Amino acid sequence: MTATETEQLRSLAEKHLWMHSADWAQVALEGEPLIMVQGQGMRVTDSEGNSWIDANAGYASVNVGYGRQEIAEAAYEQMRQISYFPQRSANPPTIRLVAKLAQITPGSLSRTFLSSGGSEANETALKIARAYHHRRGENNRHKIISRRGSYHGATAGVLWLGSAEGTVLSDYDPSYPGVLHAPQPNSYRCEYESSNATECATRCATAIEELIQTHGAETVAAVIAEPVTSGPGAIVPGDGYWPRLREICDRYGVLLIADEVITGFGRTGKMFAVEHWNVVPDLITMAKGMCSTYLPLGATIARQEIADEFTGEGRCFQHVFTAAGHPVPAAAGLKNIEIIEREKLVENAREVGAYFRCHLQALQEKHAMIGDVRGIGLMLSMELVADRKTKACFPVEQKIPRRLMAAFKKRRLLLRAHGNVIINLSPPLCVSRPDVDEIVALIDDSLAEVGKELDS
Ligand SMILES: Cc1ncc(COP(=O)(O)O)c(C=O)c1O
C-alpha cells in the first residue's frame, strides 16, 4: 500500500471509526491507527510494510496464529454452499461443531447454544442459569456472584460482573440488579493478606460461601468465574479453589459457570482450563480461541442435566441471536479445532509456556521493577512495582504503561501494559522457543530503557 493510501485511510479512520476503548484524536496525534494488512504465525505486517510481533495474539484470541489458509478455505467453501439460514433449521458445520464441543469438554457438558462472542456467551449463560431455577420452581434465585477484578464482557448485563480495573462503570448506572462481588484468589495481592496460594484460595472460596449464606441460597442463581483470571494479570488460583467452588455450588444448589473465553482451546496447556483441577462446571462459556477470531464465534455449553430442564411443554429456552449458529464461523471453528489437535498446540502451549515463564523469571533477576511473574501455559503476566519488597505501585503520574507501550512500539512489539502495572503475554499457541527468545529480548530491552528513563 502506498504512503498516500495509508494516510487517506488514517484520515478516514480518524473521522469515522469508533475505536475500541481509545480516544481517536489521541490515536491520530500518535500517527496511528496502525493499519494491519497481513499476518503469518505470530507476526503481522502493517500498510507501510513493517513487521510486528503480536505477543498478545489479538485479544488473547488468535490461538492458531495468523495466515491459516485452511480456515479461510473452510469459510469460503461453506459460504459458497449455504451462507446462512435460520428458523429452527440446522446446517452440517453447526451440528458437527456442537458435537465436537461435547467431545472435547469435560464430563456431561453436552448441549451448546452458539453465539458470536464472549459477551453473548456469558449473557446466554446468565439467562440459562436464571431460567433453569425458574423451571424448577425456585423463582427467587436471580443473584449472580462474580469476582472483583474479573471481566466477563461489554454488553449491558455482563458489564456489571467482575468490575475489572480500568473499566469505568459510572457512565452506565444504574447497575444490573443482583450482582454480588467476591474476592479474587490472587496470592500476590490477596484481600486476606495471605501470600500462600493455598490459603488465599481457601479464604476466597469461603468468601463465596459466606456471600451465599448472607444473601440466602434461595436468592442465588450462579457463580461465574474464569479458571485463570486475565484482568489483574494471569491469576492462577491455589489448587483447592475450583474443587471447593464446585463443592459450595453443589451444597447450595447454585450453578457454577466457568468463563473460558480466554482460557479455552488450549491457552493454559489444557483444552479447557478447568481440567487442571478435574472440575466439571454446569456451564462453560467460550469464544476467542474457538475460531481463533478468524470470524466471530462464541458458545455456551451446558451439562445434560441443566439442558434437560428446557424440554417439555412451555419449557423451551426463548433466546435467539440472528447470527447464532451461523454456518460460516462454525465451519471455520471446526477447522480451527482440527488444527489445534493436529498440531498439538495444547501441548505446545504447556511446554513453550513453561519455557517462556522461566525466561520471564530470569528477567525478574535483572529488572527490579518486575514484582511478580505468574500464569500458566501461554497465559502469562508480569506485575511491575515501584518497590519489590513492599509491592508498592508506581505513582500514576510516572505513566509507566504509556512509557512501556512506547518502548514496545519502538521495537515493533505489540504488547499492552495496563493498570498499575500489568503486562499480559498471550502469544499464539504455535509459538516456538526461538519466538519466545525474540519476545523476551525485546521486553528486556524495553524494560531497560524505561528503567533508565526513571533513573535519569
Ligand atoms: C474472560 C472474558 N470473558 C468474556 C469476554 C468478552 O468477550 P467478547 O469480547 O468476545 O464479547 C472477554 C473478552 O476479553 C474475556 O476476556
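Within any chain, residue numbers begin from 1 and follow the written order of that chain's sequence. A pLDDT threshold of at least 70 governs which residues receive local features in this predicted model, and a stricter bar of 80 or more applies before side-chain atom pairs are shown or counted, although totals over entire chains, interfaces and linings include all residues.

Notes on the overall build of the protein
Rules: Per the convention used, a helix needs a DSSP run of H or I reaching at least four residues, while a strand needs a run of E reaching at least two, with both numbered from the N terminus. Only the C-alpha atoms count toward the radius of gyration. The rule for a globule is 2.2 Å times the residue count to the power 0.38. Whether a residue is buried, exposed or partly exposed is read from the other C-beta atoms within 10 Å of its own C-beta, which are placed from the backbone; 20 or more gives buried, 12 or fewer gives exposed, and intermediate counts give partly exposed. In this description, any two residues whose backbone-derived C-beta atoms lie within 7 Å of each other are considered to be in contact.
On a plain count of helices and strands, the protein comes out with 13 helices and 15 strands. Relative to the 2.2 N^0.38 estimate, which gives 23 Å for 456 residues, the radius of gyration of the protein is 22 Å and therefore close to what a compact globule would have. Summarising its shape, the C-alpha atoms of the protein cover approximately 70 × 60 × 40 Å along the three principal directions. Looking at the protein residue by residue over its 456 residues, the buried ones come to 48%. Contacts spanning at least 24 positions in sequence make up 73% of the contacts within the protein whose residues lie at least 6 apart.

Some points on the sheet that holds strand β6 (residues 179–182)
Note the cut-off: Being paired, for any two strands, means DSSP has found at least two bridges between them. Each axis is a line fitted through C-alpha atoms, and for a helix only the stretch in contact is used; angles between axes span 0 to 180 degrees, taken between their N-to-C directions.
Taken in spatial order, the 7 strands of this open sheet run β4-β10-β9-β8-β7-β5-β6, and their pairing is mixed. The strands lining the two open edges of the sheet, one partner per strand, are β4 (109–115) and β6. Each neighbouring strand pair of the sheet contributes to a mean axis angle of 20 degrees, computed without reference to strand direction. One ladder, built from 4 bridges, connects strand β9 (residues 283–286) with strand β10 (residues 298–303); its direction is antiparallel.

Some details on the nonpolar core
To keep things clear, this is the line we draw: By convention in this section, buried Ala, Val, Leu, Ile, Met, Phe, Trp, Tyr and Cys residues joined through C-beta atoms within 7 Å make up a nonpolar core.
Among the nonpolar cores identified, the biggest contains 125 residues, and Ala129, Ala222, Val223, Leu245, Leu255, Ile257 and Leu283 are the most heavily contacted of them. Each residue touching alanine 129, except ones within four places of it in the same chain, is listed here: Ala221, Ala222, Leu255 and Ile257.

Considerations on helix α7 (residues 197–215)
To be explicit about the condition: Here a helix's expected span is defined as the number of its residues, less one, multiplied by 1.5 Å. The arc in question is the one traced by the directions running from the helix axis out to the C-beta atoms.
The end-to-end C-alpha separation of α7 is 27 Å, in line with the 27 Å expected for 19 residues at 1.5 Å each. Along α7, the positions that sit buried rather than exposed are Ala197, Cys200, Ala201, Cys204, Ala205, Ile208 and Ile212. Looking down the long axis of α7, one finds its buried residues gathered within 130 degrees of arc, a one-sided arrangement. Those residues of α7 that are exposed and aimed more than 90 degrees away from the buried face are Glu210, Gln213 and Thr214. In this structure, the buried side of α7 is in contact with β5 (143–147), β6, β7 (220–225) and α8 (241–252). Where α7 terminates, the next one or two residues include glycine 216, which has phi positive at roughly 90 degrees.

Let's talk about the domain arrangement of the protein
For the record, the criterion: For the domains described, the bounds stem from an automatic or database domain assignment. Under the scheme applied here, ten amino acids are nonpolar (Ala, Val, Leu, Ile, Met, Phe, Trp, Tyr, Cys and Pro), four are charged (Asp, Glu, Lys and Arg), and all others, including Gly, are polar.
Domain boundaries in the protein define domain 1 (34–64 + 344–455) and domain 2 (69–342). Taking only C-alpha atoms into account, the centre of domain 1 sits 27 Å from that of domain 2. Listed per partner, the contact involves 29 residues of domain 1 and 26 residues of domain 2. Listing elements by their share of the side of domain 1 that touches domain 2, those giving two or more residues are α3 (57–60), α11 (345–366), β11 (370–376), β12 (379–384) and β15 (422–425). When residues in the side of domain 1 that touches domain 2 are grouped by element, the largest group, 5 residues, is from α11. Residue composition of the side of domain 1 that touches domain 2, by class: 13 nonpolar, 11 polar and 5 charged.

A few points about the packing of α7 against α8
Inclusion rule: Throughout, the term roughly parallel applies to angles under 35 degrees, roughly antiparallel to angles over 145, roughly perpendicular to angles from 65 to 115, and oblique to all others. Helix crossings get a hand from a simple test, with the near helix turned counterclockwise from the far one by less than a right angle marking a left-handed crossing and a clockwise turn marking a right-handed one.
Packing of α7 against α8 brings their axes to within 9 Å, and their N-to-C directions diverge by 15 degrees. Accordingly, the angle class assigned to the pair α7 and α8 is roughly parallel. Crossing hand, α7 versus α8: right-handed. The segment α7 lies against α8, with Ala201, Thr202, Cys204, Ala205, Ile208, Glu209 and Ile212 engaging Tyr241, Arg244, Leu245, Ile248 and Tyr252. Looking at the contact of α7 with α8 residue by residue, the class counts come to 9 nonpolar, 1 polar and 2 charged.

Remarks on the site of the ligand
Stated formally: Whether a residue is near a molecule or strand depends on its C-beta atom, placed from the backbone, lying within 6 Å of it.
Neighbouring the ligand are 15 residues, the closest being Gly117, Gly118, Ser119, Gly153 and Val261. With 3 residues, the single largest contributor to the shell around the ligand is helix α6 (residues 118–135). Partitioned by chemical class, the residues of the shell around the ligand number 6 nonpolar, 7 polar and 2 charged.

Considering the sheet that holds strand β14 (residues 417–418)
If you trace the 4 strands from one edge of the open sheet to the other, you get β11-β12-β15-β14, paired in antiparallel fashion. At either margin of the open sheet sits one strand with a lone partner, and together these are β11 and β14. Bridge count between β11 and β12: 6 bridges; the pairing is antiparallel. Looking at β12, one finds that glycine 375 is bridged to leucine 380. Relative to β11, α11 is tilted by about 175 degrees, and along the sheet it contacts β11 and β12.

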